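Coordinates in review
Listed below, chain by chain, are the residues.
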Amino acid sequence: MDALDVADLSFRYGRKEALKGVSFHVAPGEFCALLGPNGAGKSTLFALLTRLFVARQGRIAVMGQDLQAAPRAALARMGVVFQQMTLDLDLSVARNLAYFGALHGLSRREAALRASEVLERLDMAERAGEKARDLNGGHRRRLEIARALMHRPRLLLLDEPTVGLDARSRAAITAHVHGLARDDGLAVLWATHLVDEVTPSDTVLILHQGQILQRGRAQDIAPEHGLAAHFMALTEEPTA
Amino acid sequence: MSPYLRAMTAILGREALRFLTQRERFLAALVRPLVWLLVFAAGFRAALGLSIIPPYQTYITYEVYIVPGLVAMILLFNAMQSALSLVYDREMGSMRLLLTAPLPRWWLLFCKLLAGVLVSILQAYAFLAIAYFYGIRLPPMGYVWVLPALLIAGMMLGAVGLFLASTIRQLENFAGVMNFVIFPVFFLSTALYPLWRMAESSTLLRDICAWNPFTHAVELIRFALYLRLNLEALGWVALTFAVFMGLALWGFDPARGMMNRKTR
Ligand SMILES: Nc1ncnc2c1ncn2[C@@H]1O[C@H](COP(=O)(O)OP(=O)(O)OP(=O)(O)O)[C@@H](O)[C@H]1O
Ligand SMILES: [Mg+2]
């Protein structure tokens, strides 16, 4: 069964078509990079996947659970990291995690156990007591990823998680999430416009002006180090 | 514990913790009604004579009269402030996160609303305590009776705020909300003058005040402070809450909804 199955999804803001007949799937253990330039429709797709709003046309299923027919079952199986930060900066790392755990129905004890587990997983165990405000940008992002794992989702959605981070933090986060897919069998959908975050064995989905232009393994789509040029050529603005 | 209660506890707990870390905001919110009480009301005491109207059984000073209105004002300001923080994205991120919880949306929004109201109620009690030391003593049991009144009045105002946040995009800033929501709602109510005084200047004004749901919130609180139940006010407040909660849920319905507003 696919972790995420999207079929014929279309969405418009008023008269502006933001997504046009988008279909794709992500398997467990697959790291799928959703590559798209600014305005391609990545955040719109994420909003639909997290049911912030629903599309008139199309179907989304998470681990076989239809998002429209069984929203709660589908939401329980996905973890999300939004493009904009959603931490409570005045609360501690542990409190941020506990709050989210409770929203997902975990008991206090269970949530505390899972919190140390996910912090450990993201190499942040020693920061549990710190205020979120005192973390640097890279660690804030990592905390958001840790939080998204609290309820043990099978699918992890990340919308441009490395924006605004320095090279070292970006590399650390990219490596962590690749590890989650490889070692824990998590299905990952990672939106970005930065080609260097993609490794050769990742799946690449190229989204442009609301349409999927290409889907395939990075190494099959373009030769090593050729992905950037390929992506630029595909998404070039028509000069007219 | 059921997942519903667990989520509620978490949402209320988060609000309480945020409240503890933002004490300046708490104090700032107290200053407004205190200025009205200590400056405005004191100044007008001589100018405004009041006759005996229910629930009062003796002559009262103007300061005593406006206390329930100022309590309601605290609830009103807080409700509008929460609405604005949603519109302004400060809370929108956390709202998104909240709405991905695997629970019905109406329940999550209800808990969120309740959390805001409980913080307002704490402020209302802080205000009543200061008024007490200033010399405005209410029947001791009134402080208990007023709790449910504050709760339902707060929920009503919170639902109005949630509805505004979900639908009206033009509420660009606090000044806009002040001019078009808070001021008319507050001044066209019985918060500052009883209905009969309004009628002396214009029956139209009186009618508007009598229709204003905020008037009913004020009267519900006023009567409760004197251990009386104003059934009519309760009915109107409950009805207004139901209507605006319904509208807010509609506004947050994923099938239409505010959540696809372009973020700045
Ligand atoms: N609320 C909205 N109303 C109208 N148009 C919108 C709205 N939100 C997004 N759009 C438009 O829809 C298109 C897709 O936007 P979206 O935010 O999904 O792109 P994105 O790929 O996430 O871009 P970015 O890399 O800048 O985050 C853009 O043309 C954008 O201008
Ligand atoms: Mg985006």
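Residues numbered from 1 in each chain as written. Chains lettered and ligands numbered in written order. Predicted model: local features only at pLDDT ≥ 70, side-chain atom pairs only at ≥ 80, totals over all residues. Heavy atoms only, no water.

**Some details on the coordination of the magnesium ion (ligand 2)**
Residue and element names in this part refer to chain A.
- Ser-43 (OG) and Gln-83 (OE1) make up the full set of protein donors to the magnesium ion (ligand 2), lying at 2.0 to 2.3 Å. Of this pair, Ser-43 sits in helix α1 (residues 42-49) while Gln-83 sits in the loop between β6 (78-81) and α3 (93-103), and the two are 40 residues apart along the sequence.
- Its relative accessible area of 33% is what places Ser-43 among the partly exposed residues. (Donors = N, O, S within 2.8 Å, 3.2 Å for Na, K, Ca; no water. Helix = DSSP H or I, 4+ residues; strand = E, 2+ residues; numbered from the N terminus. Buried < 20%, exposed > 50% of the residue type's maximum accessible area, 1.4 Å probe, protein only.)

**Comments concerning unusual backbone geometry**
- Along the chain, Pro-54 of chain B connects to Pro-55 of chain B via a cis peptide bond; the corresponding omega equals 5°.
- Looking at the secondary structure, you find Pro-55 of chain B in the loop between α2 (23-44) and α3 (62-87).
- Positive phi is not limited to glycine here, since Asp-123 of chain A has a value of about 55°.
- Relative to the elements of secondary structure, Asp-123 of chain A occurs in the loop between α4 (108-121) and α5 (137-149).
- For Asp-123 of chain A, a relative accessible area of 51% translates into the label exposed.
- Residues other than glycine seldom take positive phi values, yet Leu-227 of chain B does so here, at roughly 65°.
- Relative to the assigned elements, Leu-227 of chain B resides in the loop between α10 (213-225) and α11 (231-251).

**Details of the packing of helix α5 (residues 105-134) of chain B against α11 of chain B**
Residue and element names in this part refer to chain B.
- Running from amino to carboxyl end, α5 crosses α11 at an angle of 125°, the nearest separation of the two axes being 11 Å. When the axes of α5 and α11 are compared, the pair comes out oblique. Here α5 and α11 pass one another in a crossing that is right-handed. Between α5, through Trp-106, Leu-109, Phe-110 and Leu-113, and α11, the contact on the second element is made entirely by Phe-241, Met-245 and Leu-249.
- In terms of residue class, the contact of α5 with α11 is built from seven nonpolar, no polar and no charged. (Axes fitted to C-alpha atoms, helices over the stretch in contact; angles between N-to-C directions. Parallel < 35°, antiparallel > 145°, perpendicular 65-115°, else oblique. Left-handed = near helix turned anticlockwise from the far one by under 90°. Contact = heavy atoms within 4.5 Å. Nonpolar A, V, L, I, M, F, W, Y, C, P; charged D, E, K, R; others polar.)

**Regarding the sheet that holds strand β8 (residues 187-192) of chain A**
Residue and element names in this part refer to chain A.
- The six strands are arranged β6-β7-β8-β3-β9-β10 in an open sheet whose pairing can be described as mixed. At either margin of the open sheet sits one strand with a lone partner, and together these are β6 and β10 (211-217). Put simply, the sheet's adjacent strands are angled 15° from each other on average, direction ignored.
- As judged from the five bridges shared by strand β7 (residues 155-159) and β8, these two strands associate in the parallel manner. The partner of Asp-159 across the bridge, within β8, is Ala-191.
- Packed on one face of the sheet, helix α8 (residues 227-234) meets β3 (31-35), β9 (203-208) and β10 and runs near 25° to β9. (Pairing = 2+ DSSP bridges.)

**Some remarks on the pattern of salt bridges**
All names here are of chain A.
- For the coordinates displayed, the defined rule picks out 19 salt bridges over all chains.
- Between Arg-127 and Glu-130 there is a salt bridge; the shortest N-O distance is 3.4 Å.
- Arg-127 gets classed as partly exposed once you look at its relative accessible area, which sits at 22%.
- With a relative accessible area of 27%, Glu-130 lands in the partly exposed category.
- Each of Glu-126, Arg-127 and Glu-130 takes part in a single network of salt bridges with overlapping partners. (Salt bridge = Lys/Arg side-chain N within 4 Å of Asp/Glu carboxyl O.)

**So, the packing of helix α6 (residues 142-167) of chain B against α10 of chain B**
Residue and element names in this part refer to chain B.
- Where α6 contacts α10, the two axes come as close as 7 Å, and the packing angle between them is 165°. In terms of orientation, α6 lies roughly antiparallel with respect to α10. Crossing angle aside, the handedness with which α6 passes α10 is right-handed. Contact with α6, carried on its side by Gly-142, Trp-145, Val-146, Ala-149, Leu-150, Ile-152, Ala-153, Met-156 and Leu-157, involves Pro-213, Phe-214, Ala-217, Leu-220, Ile-221, Ala-224 and Leu-225 of α10 and no other residues of that element.
- Residues that form the contact of α6 with α10 fall into these classes: 15 nonpolar, one polar and no charged.

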